[in-house]
Structures are given as C-alpha cells and as structure tokens.
Amino acid sequence: MENKISAKETLRSSAKFNRPATAVVTGASSGFGAAIAQALARDFGYDLILTGRREDRLETLAAELQETYGIQVHCKAFDIRDRSAVEAAFSGIDRQLRHPLRILVNNAGLAAGLSTIDEGNIDDWDVMIDTNLKGLLYVTRTLLPSIKGSGNGHIVNIGSTAGKNMYRNGNVYAATKSAVDALNQAMRIDLLPYGIKVTAVHPGAAETEFSLVRFKGDAERAKAVYEGFTPLAAEDVAQTVAYCLSLPDHVCINDLVITCTTQANSFYNVKAADLKQS
C-alpha cells in the first residue's frame, strides 16, 4: 500500500521544523495567544516564553504544554503597558534559554468600550493605546537584539480588520490597530538587512474573550455579537499564524486578512439565515 504523508509530516521533515527555536507569545493566557502557543508547541516543538497578566492561567498552560510536547516553557507575568516591567521580565533572557529566541508573536491587545468619539471614555482610550500600541513597541524593542542575533527571526503582529476599515464607534480601537498595520510595514523595511521576516495577521470577528473584555464582563451583550453566524475561533487564527511561520526561509507573508465566510470586512457581515441559496 502506498504510504501517504500528511502535509504536517512533510513540513516537520523540512529544515524549518528541525531548527531549534524559542518563541515569545504575548497575551498567552487566553484566546488567540493560548491557541497560538498550543500550535507552536504541537506543530514546531518550539520552546516558549508565555506572557500575560494572569499568572495562574499561564502556569496551567505551561504545565500542559511541557507534559504533552516535552518542551521548555517560561512564564512571564506582567502588564505589557509597564515599560519597566517589560524590560525587567526579559532582562538576561538569552541566558535562560536552551534554544535561540527566533520568534515573537505580538498578540496582546484588547478593545475597551464602544462609543462615539465625543462620548468616549478617556481611560479606555489610554488602556487601548498603552496595550495595543505602546506595549507592542516595548516588547519588540526589548527583544530585537536577541532576535537579530539568532538568525532566521520572524515577528508576527496580530492586528485586526478594524485596522483596515473603520467602523462606527470603533474609533480609538481601530486607530490602534491601524497603527499596528503601519508599524508592521515599517518593521518589515527596517529589519530587511537582518533577514527577519515580519508578518501581520488581521482577524475579523472571532469569538474569544474579546467582546467580554470590551463590554467589561457583560456576558449577554458579548454573546449577542456572534449570534446568527459562525465567527472565527482562536484555533483558526493560530493555524494561520503557524502556516506563516512554516514557509521556507525565502518566503514571507507580509500582510494577511482572515475573516469568517459571512464577513467581508470590519463592518459588513451577513447572518447565516440571510445567505442566498444557489
């Protein structure tokens, strides 16, 4: 009988998968971050550094990944908005690792509130700007010396369709994700001489803790966002990130938008019941 080799097995046999590496995933305590950590451990066997504010969740995930995949996992619990905390968390990081730090997934981010610009909560604005934009910059700047020195580095920035198309009441959140889009392009240019790939993945509607955080714990309102259609799941985004990381060294996906089938962009979505039958 002919042996059938899966795509994943084929990829695993490539030099890309046999190259030891450590990957940092920010915002790894839930949602996209936790799913991406799972994918990097399962599909690549990378050692991981997981960051987030909820240390108990990070430790639980780390224990599961270490037991299942035999990798090393380091947990760094801090608030990404705090520059000093970011720098302290990664101080001397290279000495703690058995494999070079090659991968950074800038996933940590959030939306807070949903209101017109004239009624916006300024505290919410500060949280989004400090997390989605400044936090990403702090982590990237702090880790770049290690990534540049490792060879074959890759930075993945998790953006949003909101950074591509504005939508009503999404003003400041959309502005921060537009900035992520711009920074991704700038990083790609600045890091070309070092052979570092830079990729942006911009998800559309995805059912994670995103809306629960945006609506400050209002579970009923958060659930209503996804009624009537099948949104993306965290694993969908994780598989997309893993695919981008799996490509040969000479191939880089610079910018990628991913939505569910019923969504065209950040403000146009149809309910499943309204889909036309051919």
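Residues numbered from 1 in each chain as written. Predicted model: local features only at pLDDT ≥ 70, side-chain atom pairs only at ≥ 80, totals over all residues. Heavy atoms only, no water.

**Q** When you look at the overall build of the chain in this model, what are you seeing that I'm missing?
**A** For the chain, the helix and strand inventory stands at ten helices and seven strands. Counted over contacts in the chain with a minimum sequence separation of 6, partners at least 24 positions apart contribute 74%. With the model as given, the accessible surface of the chain reaches about 13700 Å², and the carbon-plus-sulfur share is 51%. (Helix = DSSP H or I, 4+ residues; strand = E, 2+ residues; numbered from the N terminus. Contact = heavy atoms within 4.5 Å. Areas by Shrake-Rupley, 256 points an atom, 1.4 Å probe, with all protein chains shown as cover.)

**Q** Looking at this structure, how should I read helix 4 (residues 55–69)?
**A** Residues spaced three or four apart along an α-helix face the same direction, because each turn holds 3.6 residues. Counted at 1.5 Å a residue, the expected span for helix 4 with its 15 residues is 21 Å, and the 21 Å between its end C-alpha atoms agrees. When helix 4 is considered as a whole, its buried residues turn out to be Leu 58, Leu 61, Ala 62 and Leu 65. All buried residues of helix 4 fall inside an arc of 105° around its axis, so they share one side. Seen from the buried face of helix 4, the exposed residues on the opposite side, beyond 90 degrees, are Asp 56, Thr 60, Glu 67 and Thr 68. Tucked inside the fold, the buried residues of helix 4 contact helix 3 (31–44), strand 2 (47–52) and strand 3 (73–77). The first or second residue beyond helix 4 is Gly 70, which carries a positive phi of 65°. (Expected span 1.5 Å × (residues − 1). Buried < 20%, exposed > 50% of the residue type's maximum accessible area, 1.4 Å probe, protein only. Arc of directions from axis to C-beta.)

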